[in-house]
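# Remarks on the overall topology
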Amino acid sequence: MPSLQCLLRHRRRLIVIIARLGYTAKGLVYLLIGVLAALGAAGLGGDNVGTKEALAHLARQPFGTLMLGALVLGLYAYAAWRGLQGLFDVEHRGRSWKALGTRLALVISGGIYASLGWYGVELLDDPQETTGGAEERTAMLMSHPGGVWLVAILGAIFIGVGLRQSWRALARSYLNRWRQQDMSQRQRDLASGLSRWGLAARGLVFALIGSFLLVAAWQVDPAKAEGFGGTLDTLAAQPFGPWLLAAVAGGLMNYGTYCVINARFRKVKV
């Protein structure tokens, strides 16, 4: 019979594979969002989209079903990795209030990406499948008792996540999670620069989404809410909008690169 040590080694390898696949899939989604936004900023036929719209765009391309199927598996891997982090504490974060809050956030993140993966499954069956926009989802929430408060809370959460992403970009805290000994100095410098730009861009978009949700809650008007694509449209409509959009689009591509860097170099402590 296999020894306990052998079983633990195989278990660790499986978890590492799940984590690597998950980070890669998440990175590809953001790379696609960034590329589409950059093409739009350059007037080359792109579009400002969110994660679900990016999957729908992929599904309609040649060999889209094959590519989307592989991406869906990766998204479920990422959801599983977040669940392992949050529910089973495979990284041994502990049970302090701070650790429990972090673990809860990881579980919620896993649920979001599992939902995204399920939408991808629906697209495999029908590539023309559509999903409601931010206004429709906000209106649905507001239709329930306490829904306005829930929208306001969601807005505050988005702003909090955005600020945290921006702080990580400033403090470069992501470096502590990389196996830096496996990277050359040039690789570290390049990866760090791209990651800072990516985290800052994603932080800006999330903070703006949260601000739109707070305005929607304050005015009890779902039409004030904007999702990922709508927020990018708003940036494009500002003075020097194409340049601003190009900078954020580049940042989103770099955030995707940051996720791929995590797939290769992130420490997976299990």
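For clarity, every value in this text was computed on a predicted model and none was experimentally measured.

## Thoughts on the overall build of the chain
In terms of helices and strands, the chain carries 9 helices and 0 strands. Beginning at the N terminus, the succession of helices and strands in the chain can be written as α-α-α-α-α-α-α-α-α. Compactness check: the chain gives a C-alpha radius of gyration of 19 Å against a globular reference of 18 Å for 270 residues, within 12% of the reference. Taken over the C-alpha atoms alone, the chain extends approximately 60 × 45 × 40 Å along its principal axes. Expressed as a percentage of the 270 residues in the chain, the buried residues total 43%. At a minimum sequence separation of 6, the contacts of the chain that also span at least 24 residues come to 72%. When the accessible area of the chain is evaluated, it comes to approximately 14500 Å², of which 65% is carbon and sulfur surface.

## A look at the pattern of salt bridges
Here the structure, examined in full by the defined rule, presents 4 salt bridges. A salt bridge links R93 to E91; the shortest N-O distance between them is 3.0 Å. The buried category is assigned to E91, whose relative accessible area is 11%. For the salt bridge of R266 with E91, the shortest nitrogen-to-oxygen distance reads 2.9 Å. Of this pair, R266 sits in the segment after α9 (241-265) while E91 sits in the loop between α3 (64-86) and α4 (97-125), placing them 175 residues apart in sequence. Judged by relative accessible area, which is 4%, R266 ranks as buried.

## A few points about the layout of surface pockets
By volume, the second largest pocket amounts to about 160 Å³. If you trace the second largest pocket, you find it lined by L21, T24, A25, L28, V29, L32, L58, M67, A70, L71 and G74. Mapped onto the lining of the second largest pocket, the elements with two or more residues apiece are α1 (4-41) and α3. At 6 residues, the largest contribution of residues to the lining of the second largest pocket is made by α1. Of the residues contributing to the lining of the second largest pocket, the split by class is 9 nonpolar, 2 polar and no charged.

## As for the packing of aromatic side chains
Inspection of the entire model under this criterion finds 9 aromatic pairs. Note on Y30 and F228: the rings are 6.1 Å apart at their centroids and 65 degrees apart in plane angle, and the pair reads as edge-to-face. Taken together, the residues Y30 in helix α1 and F228 in helix α8 (residues 228-236) connect sequence positions 198 residues apart. Grouping aromatic residues by their ring pairs yields a cluster made of Y30, F158, Y174, W178, F206, F228, Y255 and Y258. The aromatic ring of Y119 is capped on one face by K52, whose charged end is 5.4 Å from the ring centroid. Over the ring of F265 we find R264, and its NZ or CZ is 4.5 Å from the ring centre.

## Digging into a nonpolar patch on the surface
Taken together, L150, I153, I157 and V161 make up a surface patch of nonpolar side chains, about 310 Å² in accessible area. When you line up the elements, V161 lands in helix α6 (residues 147-171). Its relative accessible area of 32% is what places V161 among the partly exposed residues.

## Observations regarding the packing of helix α2 (residues 51-59) against α3
For the pair α2 and α3, the least separation of the axes is 8 Å and the interaxial angle reads 145 degrees. Listed contacts from α3 to L55, L58 and A59 of α2 are G64, T65, M67, L68, L71 and L75. Looking at the contact of α2 with α3, its residues break down into 7 nonpolar, 2 polar and no charged.

## Describing unusual backbone geometry
What is expected of a backbone is that most residues other than glycine have negative phi and most peptide bonds are trans. One non-glycine residue with positive phi stands out, namely D89, at about 50 degrees. Inspection of the secondary structure puts D89 in the loop between α3 and α4.

## A word on the nonpolar core
Counting residues in hydrophobic clusters, the biggest one holds 63 residues, and the most contacted among them are F228 and L232. Broken down by secondary-structure element, the contributors of at least two residues to this core are α1, α2, α3, α4, α6, α7 (185-219), α8 and α9.

How each quantity is defined
- Residues numbered from 1 in each chain as written.
- Predicted model: local features only at pLDDT ≥ 70, side-chain atom pairs only at ≥ 80, totals over all residues.
- Heavy atoms only, no water.
- Helix = DSSP H or I, 4+ residues; strand = E, 2+ residues; numbered from the N terminus.
- Rg over C-alpha atoms; globule rule 2.2 N^0.38 Å.
- Buried < 20%, exposed > 50% of the residue type's maximum accessible area, 1.4 Å probe, protein only.
- Contact = heavy atoms within 4.5 Å.
- Areas by Shrake-Rupley, 256 points an atom, 1.4 Å probe, with all protein chains shown as cover.
- Salt bridge = Lys/Arg side-chain N within 4 Å of Asp/Glu carboxyl O.
- 1 Å grid on protein atoms, 1.4 Å probe; cavity = no way out; pocket = protein on both sides within 12 Å on 5 of 7 lines; lining within 4 Å.
- Points joined across faces, edges and corners; volume = space filled by probe spheres on them.
- Nonpolar A, V, L, I, M, F, W, Y, C, P; charged D, E, K, R; others polar.
- Phe/Tyr/Trp six-rings, centres within 6.5 Å; stacked < 30°, edge-to-face > 60°.
- Lys NZ or Arg CZ within 6 Å of the ring centre and 35° of its normal.
- Patch = residues over 30% accessible without salt bridge, like charges linked within 9 Å, V, L, I, M, F, W, Y side chains within 5 Å.
- Axes fitted to C-alpha atoms, helices over the stretch in contact; angles between N-to-C directions.
- Core = buried A, V, L, I, M, F, W, Y, C linked by side-chain atoms within 4.5 Å.

Distances and angles like these do not, on their own, reveal function.
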